[in-house]
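# Descriptive structure summary
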Amino acid sequence: MSEQCRRFEAGFAARQGRRFAVFVDNGSVANLLLIQAMLNADRFRPGGKIGFSALTWPTNVMPLIQLGLTPVPLDCELATLNVSPRGLAPVLNDLSGLFLTNVLGFCDDLPRIRDDCAAAGVTLLEDNCESLGSVVDGRLLGNFGLAATFSFFVGHHMSTIEGGMVVTDDEELYEHLLIGRTHGWDRNLDASAAARLRAGHGVDDFYARYTFYELASNFRPTEIAGFLGNTQLPYWDEIVTRRADNFARFAAALADNDEVHRLDVGHMDLVSNFAMPVVCRDPGLAGRYRARFDGAGVEIRPVIAGNVTRQPFYRRHVSQPAACPNADLVHENGFYFGNNPELTDDELTLLCAQLRKPHG
Ligand SMILES: Cc1ncc(COP(=O)(O)O)c(C=O)c1O
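Presented here is a report on the structure given in the accompanying data block. Numbering of residues starts from 1 in each chain and follows the order in which that chain's sequence is written. Two thresholds apply to this predicted model, a pLDDT of at least 70 for residue-level local features and 80 or more for giving and counting side-chain atom pairs, whereas whole-chain, interface and lining totals are computed over all residues. The side-chain quantities take in all heavy atoms of the structure and omit both hydrogens and water.

This brings us to the packing of aromatic side chains. Each pair of aromatic rings taken from Phe, Tyr and Trp, with Trp reduced to its six-membered ring, is defined by centres within 6.5 Å and is described as stacked if the planes are under 30 degrees apart, edge-to-face if over 60, and tilted in the remaining cases. By the definition in use, this model includes 17 aromatic pairs. Three or more aromatic residues joined by ring pairs form one cluster here, namely Phe-8, Phe-12, Phe-23, Phe-150, Phe-152 and Trp-236. Arg-139 extends its terminal NZ or CZ atom over the ring of Phe-144, reaching a point 5.6 Å from the ring centre. In this analysis the charged atom, NZ for Lys or CZ for Arg, is taken to sit over a ring once it is within 6 Å of the ring centre and within 35 degrees of the ring normal. Its guanidinium or amino end placed over the ring of Trp-185, Arg-187 lies 3.7 Å from that ring's centre, counting from NZ or CZ.

The strand order across the open sheet formed by seven strands is 1-9-8-5-4-2-3, and the pairing between neighbours is mixed. Of all strands in the sheet, those bounded by a partner on one side alone are strand 1 (20-24) and strand 3 (70-74). Neighbour-to-neighbour, the strand axes of this sheet turn through a mean angle of 20 degrees, independent of strand direction. A pair of strands is considered paired only if DSSP assigns at least 2 bridges between the two. For the purposes of this entry, the term helix denotes a DSSP run of H or I that reaches at least four residues, the term strand denotes a run of E that reaches at least two, and both are numbered from the N terminus. Here strand 1 pairs with strand 9 (residues 164-168) via five bridges, running antiparallel. Within strand 9, the residue paired with Ala-21 across the bridge is Val-167. Contacts from helix 2 (residues 27-40) reach strand 1, strand 4 (97-101), strand 5 (123-127), strand 8 (147-151) and strand 9, with the element oriented near 160 degrees to strand 8. In this analysis, axes come from line fits to C-alpha atoms, helices being fitted only over the stretch in contact, and the angle between any two N-to-C directions falls in the range 0 to 180 degrees. Between two residues, a contact is recorded if the distance between any of their heavy atoms is within 4.5 Å.

Any residue with a non-hydrogen atom lying within 4 Å of a molecule or strand is treated as near it. With respect to spatial proximity, 14 residues lie near the ligand, and among them Gly-27, Ser-28, Asp-127, Glu-130 and Ser-151 are the closest. As used in this structure description, the phrase polar contact means that two N or O atoms lie within 3.5 Å; if the pair is within protein, one of them must be able to donate a hydrogen and the other to accept it, and residues adjacent in sequence are counted only when both atoms belong to side chains. Side-chain polar atom of Glu-130 to an oxygen atom of the ligand: 2.6 Å apart, as the coordinates give it. Note on areas: Shrake-Rupley, 1.4 Å probe, and residue coverage restricted to the protein chains presented here. Here the ligand has 390 Å² of accessible area as a free molecule, and 91% of this is covered by the chains. Here the shell around the ligand gets three residues from one element, more than from any other, and that element is helix 2.

To continue, consider the pattern of salt bridges. A side chain with one charge can pair with a side chain of the opposite charge if their charged atoms come near. Put simply, a salt bridge is a Lys or Arg side-chain nitrogen that is within 4 Å of an Asp or Glu carboxyl oxygen. Scanning the model with the defined rule gives 19 salt bridges in all. As a salt-bridge pair, Arg-198 and Asp-205 come within 3.7 Å of each other at their nearest N and O atoms. Relative accessibility under 20% of the residue-type maximum defines a buried residue, over 50% an exposed one, and the middle range a partly exposed one, all with a 1.4 Å probe and only protein chains included. Residue class for Asp-205 comes out exposed when judged on its relative accessible area of 57%. A single network of salt bridges, built from pairs that share partners, joins Arg-43, Asp-170 and Glu-172.

Next up on the list: helix 13 (residues 325-333). Buried within helix 13 we find Ala-327, Asp-328, Val-330 and Asn-333. On its buried face, helix 13 is in contact with strand 11 (275-279), helix 11 (283-295) and strand 12 (334-338).

Another point: the sheet that holds strand 6 (residues 135-136). Reading across from one edge, 7-6-10 is the order of the three strands in this open sheet, with antiparallel pairing throughout. The open sheet has two edge strands, strand 7 (139-140) and strand 10 (268-270), and neither has a second partner. With two bridges connecting them, strand 6 and strand 7 associate as antiparallel partners. Counterpart to Val-135 in the pairing with strand 7 is Leu-140.

Below, the structure written as structure tokens:
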């Protein structure tokens, strides 16, 4: 990890409009590192209740469990697939944090969620691994909370093959992210921050080389991933716009299809989604549409992990599944297919044909 990684961090922070960016191996460890840094900085306390989106990827909630926090699942709205202020309200005052997933490039009323969290003293963090480039209220998703995470896995908006990022404007949290990324030592801090830490612990220059201040791991990326990131950054606008244009075509194909739940994105300025969800009105229709896509040679998958509280790991470590009827319905009646900037016009036409309501 050297010059290429540093350049990618600076370029990504500038593009996202945040002060600091910390590059790591993948989006999952970006989440793990962020939660560890929140604990190390005493911003979260062990056992604290942290809300999360029931419709998410497992490594959003796994770090909460792994690091001894208490996860509180929140159902999504069918119209946005995201947590809403209405869904958040009943538990908001019990929470110390909200680790919100911005699902599939969409969001609900995120500005209101930010304001409600601020009023209740709840720290908002965004898992933005699925929503690079989406905009609501003139602001990029990932810029509503204290910090946000990103994934650069193949198939996500930008790819470093494997890669992830944590962004924040908070200098103290940034220092904890740097310490937590690499063994708990101070070597990646700037000179004054390292000197402060050494003085506070009475560490001299010799022992500073191997003094470990906080719980950490080794999440360092390599220069190869940094190089790939730097190569990708100039394409940000192009990949975001193409995905947004593809999404607009898919949405238009679904406009007259009353067999599928309608997505409401009217409040968003830009939807940069990387997989297109289709949520049918009943399981019979879901079976028919899945067969239709299979038959057309389109690879489809469940909509993320569905209600993630029903997954075996969650049941083993936390509790019985939580009542999240909308996330259940998305899992039972839904599927998604990839939205890629390289989709050709013929492929888009084929995909739109599968989305239209069959005649007769
Ligand atoms: C919401 C969310 N969080 C975290 C991740 C993990 O990212 P990665 O695959 O880079 O580990 C993903 C991956 O798809 C995701 O969708």
